[in-house]
Amino acid sequence: MADHKGAYGASSSNDTSFRKTWDRSEYAAKAADRDQKIKEEGKARYQATLEGKKYHRRASTPEDTKDTEARSARLNVADKVGKTQIIVAGAGQGKRGKSAGFYCEACDLTYKDNLQFVEHLNSRQHLVATGESGEVRRAALEEVKDRFEYLKRKREEEKAREVVDLTSRIEVARDQEEREREEKRRKRNEKRRKTKDGLGVQEIKVENDGRG
Amino acid sequence: MAHHADAKRALDERGYKGQLVRGDNPLKLFEKPVRDRIVDSYYWKEQCFGLNAATLLDRATELSFVGGTYGVAQRPTPFLCLAFKLLQIVPDKEIILFYLEQEEYKYLRVLAAFYIRLAWEKDEEVYATLEPYLTDSRKLKRRTREGWALTYVDDFIDDLLLKSRVCATTLPKINPRLFLEDEDRLEPRISALGGELEELDGEDEEEDESNGEVEEVNGPVNGREHEADGSDEEMVGG
């Protein structure tokens, strides 16, 4: 009776691989950990009562938090000025959900003001959501010197790239003028088109488009 | 070793545990209204968040004027915000000396001098460290309460050593130089123009007329007034 096959060719009914296996040593280790944690917490609570204070259990920082660093570029707050934007109806209540204004993806919050937005980006809530620790690494003298050299080099490179030759400067200025004239022409045409047809293009009205 | 990205913890009255400067929280060197203006300003929130001594260089090299607070609403200048950041970070002495000794960025040098005057407690060290820079005569742009003014690096450092209020802060009390000389803690001051002065004095004795030249030479040593508004008051708020 090697392979007791059932009617449909199913293998032996002695196959018990679906059952949970209990790795005793692993679970013993887990239990030991838990016991130790409870003991430590008990000690901490005892000490707190001795001092007359209340014990607060603090959530520990996850291991992969990054150090906070300074912003490497200015925040882009001005690119939507003068533009119209369609907002999905039912976008969100108050700050939650994406609606008109500055939106933070990590926290799903919208702010109507760039000052509030920047405050939020610096806040504890956002730092936790982006996995940053809110602490900055202290710089040593070597780092400061390196950074200094780097900035000096960058500035010199920028200076070198500046066009000094008179003819090329004239050309650059002429190109700039052309571009500006094109922009003006385009805007003028758009305005003319809107009023010419009577109603013109339907303006999509957005409330609180962030300009306050 | 890490410090916080924001100054909120340090400004909290409920127990400051960081480094002490002059026996107290270093941020207390600025007055409360000024502190509030700085912390509420957009520059502080956007650009001074998460700076350490190295990334502060990025901001300091972009400085283009000194000043305290300006305008009706007492807005702080970027210079003042960066000084506040330095007070929060309390960098090592060697880093501050590096800022001071470098030649390329005059506003960074002036920022370091301001920090030294505020934070260092030994008067002799302050005088000894800042006096060599009284020879630096580069121009600085200064933002006053209602407008702009022209000043010089040596003029600014001289103000730091002599005046009691600079850039919207009341500077901590420092013993006058004569007092320190009397106590033998410092050598009598050797001015860079001392030689010229003596020559001119010598000439003066030969001729009986006093030239206007003598007054000009005295100019940088005693401190000049550059205010366009013509008032004699100290640099309050600017």
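Given the structure is predicted, the values throughout are model-derived calculations rather than measurements. (Residues numbered from 1 in each chain as written. Chains lettered and ligands numbered in written order. Predicted model: local features only at pLDDT ≥ 70, side-chain atom pairs only at ≥ 80, totals over all residues. Heavy atoms only, no water.)

### So, the overall build of chain A
Then comes step 1: Tallying secondary structure elements over chain A gives five helices and three strands in all.
Then comes step 2: Looking at chain A as a whole, 15% of its 212 residues qualify as buried.
Then comes step 3: With the model as given, the accessible surface of chain A reaches about 18,500 Å², and the carbon-plus-sulfur share is 49%. (Helix = DSSP H or I, 4+ residues; strand = E, 2+ residues; numbered from the N terminus. Buried < 20%, exposed > 50% of the residue type's maximum accessible area, 1.4 Å probe, protein only. Areas by Shrake-Rupley, 256 points an atom, 1.4 Å probe, with all protein chains shown as cover.)

### As for helix α1 (residues 24–51) of chain A
Then comes step 1: Taking 1.5 Å as the rise per residue, α1(A) with 28 residues should run 40 Å; its terminal C-alpha atoms sit 41 Å apart, in good agreement.
Then comes step 2: Looking one or two residues past α1(A), A:Gly52 carries a phi angle of roughly 85°, positive in sign. (Expected span 1.5 Å × (residues − 1).)

### Let's talk about the interface of chain A and chain B
Then comes step 1: With 29 residues of chain A in contact, the opposing surface of chain B contributes 34 residues.
Then comes step 2: When the two sides are added together, the surface that chain A and chain B hide from each other amounts to roughly 3,100 Å², 57% of it contributed by carbon and sulfur.
Then comes step 3: The tally of links between chain A and chain B comes to five salt bridges.
Then comes step 4: Between B:Lys45 and A:Glu119 there is a salt bridge, with the nearest N and O atoms lying 2.6 Å from each other.
Then comes step 5: In the side of chain A that touches chain B, the residues fall into 13 nonpolar, four polar and 12 charged.
Then comes step 6: The pairing of strand β3 (residues 135–137) of chain A with strand β1 (residues 2–4) of chain B spans three bridges and is antiparallel. Within β1(B), the residue paired with A:Val136 across the bridge is B:His3. (Contact = heavy atoms within 4.5 Å. Buried area = accessible area lost by both parts, 1.4 Å probe. Salt bridge = Lys/Arg side-chain N within 4 Å of Asp/Glu carboxyl O. Nonpolar A, V, L, I, M, F, W, Y, C, P; charged D, E, K, R; others polar. Pairing = 2+ DSSP bridges.)

### What about the confidence of the model for chain A?
Then comes step 1: Here chain A averages 81 in pLDDT, and 84% of its residues register 70 or above.
Then comes step 2: Within chain A, the lowest mean pLDDT, 83, falls on β3(A), and the highest, 92, falls on helix α2 (residues 114–122) of chain A. (pLDDT = per-residue confidence, 0-100.)

### A closer look at the sheet that holds strand β6 (residues 147–152) of chain B
Residues and elements named next belong to chain B.
Then comes step 1: Across the sheet, three strands lie side by side as β2-β5-β6; this open sheet has mixed pairing. Where the open sheet ends on each side, the last strands, each with one partner, are β2 (66–67) and β6.
Then comes step 2: Where helix α7 (residues 106–119) meets the sheet, its contacts fall on β2 and β5 (139–144), and the angle it forms with β5 comes to roughly 65°. (Axes fitted to C-alpha atoms, helices over the stretch in contact; angles between N-to-C directions.)

### Brief notes about the packing of helix α5 (residues 78–89) of chain B against α7(B)
All names here are of chain B.
Then comes step 1: At a minimum axis distance of 10 Å, the contact between α5 and α7 shows a crossing angle of 50°. With respect to their mutual orientation, α5 and α7 come out oblique. Here the hand of the crossing between α5 and α7 comes out right-handed. Together, Phe79, Leu80, Leu82, Ala83, Leu86 and Leu87 of α5 and Tyr107, Val110, Leu111, Phe114, Tyr115 and Leu118 of α7 make up the contact between the two elements.
Then comes step 2: Grouping the amino acids of the contact of α5 with α7 by side-chain chemistry returns 12 nonpolar, no polar and no charged. (Parallel < 35°, antiparallel > 145°, perpendicular 65-115°, else oblique. Left-handed = near helix turned anticlockwise from the far one by under 90°.)

### A few points about the nonpolar core
Then comes step 1: Residues B:Phe30, B:Tyr99 and B:Phe114 are the most contacted members of the largest nonpolar core, which totals 71 residues.
Then comes step 2: Broken down by element, the residue count for this core peaks at 11 residues, all from α7(B).
Then comes step 3: With residues near it in sequence (within four places) discarded, B:Phe114 still touches B:Phe30, B:Phe79, B:Leu80, B:Ala83, B:Leu160, B:Val166, B:Cys167, B:Thr169 and B:Leu171.
Then comes step 4: In this structure, A:Phe102, A:Cys104, A:Cys107 and A:Tyr111 belong to the second largest nonpolar core, which totals seven residues. (Core = buried A, V, L, I, M, F, W, Y, C linked by side-chain atoms within 4.5 Å.)

### Digging into the packing of helix α6 (residues 93–101) of chain B against α7(B)
Between two packed helices, both the angle of their axes relative to each other and the distance between the axes serve to describe the pair.
Residue and element names in this part refer to chain B.
Then comes step 1: At a minimum axis distance of 7 Å, the contact between α6 and α7 shows a crossing angle of 135°. Judged by the angle between their axes, α6 and α7 are oblique. Crossing of α6 against α7: the hand is left-handed. Touching Ile96, Tyr99, Leu100 and Glu101 of α6 are Leu108, Arg109, Ala112, Ala113, Tyr115 and Ile116, all from α7.
Then comes step 2: Of the residues that constitute the contact of α6 with α7, the class distribution is eight nonpolar, no polar and two charged.

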